[in-house]
Amino acid sequence: LTHAQVELTYGCNLHCVHCYTDCYNRAELIKKERTTEEILDTLDQLHEAGVLWVCFTGGEIFMRRDFLRIYDAAKAKGFLITLFTNGTLFTEAIVDHLKAYPPYKIEISCHGATPETFERITQVPGSFKRFLEGIRLLQSRGLAFELKTKAMTLNRDELNQIKALVESLGSRFRLS
């Protein structure tokens, strides 16, 4: 075992139509999620087992107030860390921290090239603008990222536009 994916939370600020965890994105279930200490214990176990690569995913990883504590613990153990995020919750403080202690990879979902398509998928008004702001914040600090797109009925007519957007943002188009 060299790779592990750690689902940190069901919580998310978006409600993407294709998301398998959104049905758990409810306050009463989020309250039952693993504590910081439980997650840190899992990281200890993964380290002891010889895991090299850890991917943090959710929900949205930045919904956890303790995310940077968890991240720092993983960095201290020497894990190569990948972050899966929707990109809408980056703040200057988070991005500055990631710049100082960079992950191996940041992967961000790009659902559409227009606000209409993007927000039809996320079901949250303003999410396209926040997505672009997050990308610009990463770019302003010179942090590398990859954008990934899921082809689905709601964005299939926009795939060429999404490809152009992704490439204009400095990323390679990755479709699944």
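Everything below is about the structure shown above.
Residues numbered from 1 in each chain as written. Predicted model: local features only at pLDDT ≥ 70, side-chain atom pairs only at ≥ 80, totals over all residues. Heavy atoms only, no water.

1. Examining the pairing of strand S2 (residues 53-57)
What counts, and what does not: Buried means the residue's accessible area, taken with a 1.4 Å probe over protein chains only, is under 20% of the maximum for its type, while exposed means over 50%, and partly exposed covers the values in between. Helix numbering and strand numbering both begin at the N terminus, where a helix is a DSSP run of H or I of at least 4 residues and a strand a DSSP run of E of at least 2. The pairing criterion is simple: DSSP has to find at least two bridges between the two strands. A crossover counts as right-handed when, viewed with the strands pointing away from the observer, the path leading from the first strand over the helix to the second turns clockwise.
Most of S2 sits inside the fold, with four of its five residues counted as buried. Of the strand pairs in this sheet, strand S1 (residues 3-7) and S2 are connected by five bridges, and their pairing is parallel. Across the sheet, the residue bridging to Val 6 is Phe 56, located in S2. Here S2 runs beside strand S3 (residues 80-85); their pairing, made up of four bridges, is parallel. Opposite Trp 53, over in S3, you have Leu 80 as the bridge partner. For the crossover that starts at S2, traverses helix H3 (residues 67-76) and ends in the parallel S3, the hand is right-handed.

2. A word on the sheet that holds S3
In a beta sheet, neighbouring strands pair by backbone hydrogen bonds and run either parallel or antiparallel. Using the following cut-off: Lines are fitted to the C-alpha atoms to define the axes, a helix being fitted only along its stretch in contact, and any angle between axes, read from their N-to-C directions, falls within 0 to 180 degrees.
Read across the open sheet, the five strands follow the order S1-S2-S3-S4-S5; overall the sheet is parallel. The outermost strands of the open sheet, each flanked by one partner alone, are S1 and strand S5 (146-148). Pairs of neighbouring strands in the sheet enclose a mean axial angle of 20°, with direction left out of account.

3. Some thoughts on helix H6 (residues 127-140)
For the record, the criterion: One less than the residue count of a helix, multiplied by 1.5 Å, gives the span that helix is expected to have.
For H6, with 14 residues, the first-to-last C-alpha span of 20 Å sits near the 20 Å given by 1.5 Å per residue. Among the residues trailing H6, Gly 142 stands out with phi positive, at a value near 70°.

4. Here we look at the environment of Phe 84
Rules: A contact between two residues is defined here by any heavy atoms of the two lying within 4.5 Å.
Looking at where Phe 84 falls in the secondary structure, it is placed in strand S3. Looking at Phe 84, the relative accessible area reads 22%, which means it is partly exposed. C-alpha separation for the pair Phe 84 and Gly 58, spaced 26 residues apart in sequence, amounts to 7.6 Å. Filtering out sequence-adjacent residues up to four positions away, Phe 84 remains in contact with Gln 5, Cys 55, Phe 56, Thr 57, Ile 61, Glu 107 and Lys 148.

5. What to know about helix H5 (residues 115-122)
Note the threshold: Picture the helix axis, draw a direction to every C-beta atom, and the arc is the one those directions span.
Where H5 is concerned, the buried positions are Thr 117, Phe 118, Ile 121 and Thr 122. Summarising the axial view, the buried residues of H5 lie within an arc of 125°, below the 170-degree limit, and thus occupy one face. If you follow the buried residues of H5, they end up packed against strand S4 (105-109) and H6. Gln 123, located one to two residues past H5, shows a positive phi value of around 60°.

6. A closer look at the environment of Arg 69
Relative to the helices and strands, Arg 69 is located in helix H3. Arg 69 sits 15 residues away from Val 54 along the chain, and the two C-alpha atoms are 15 Å apart. When residues no more than four places from it in sequence are discounted, the contact partners of Arg 69 are Thr 36, Glu 37 and Leu 40.

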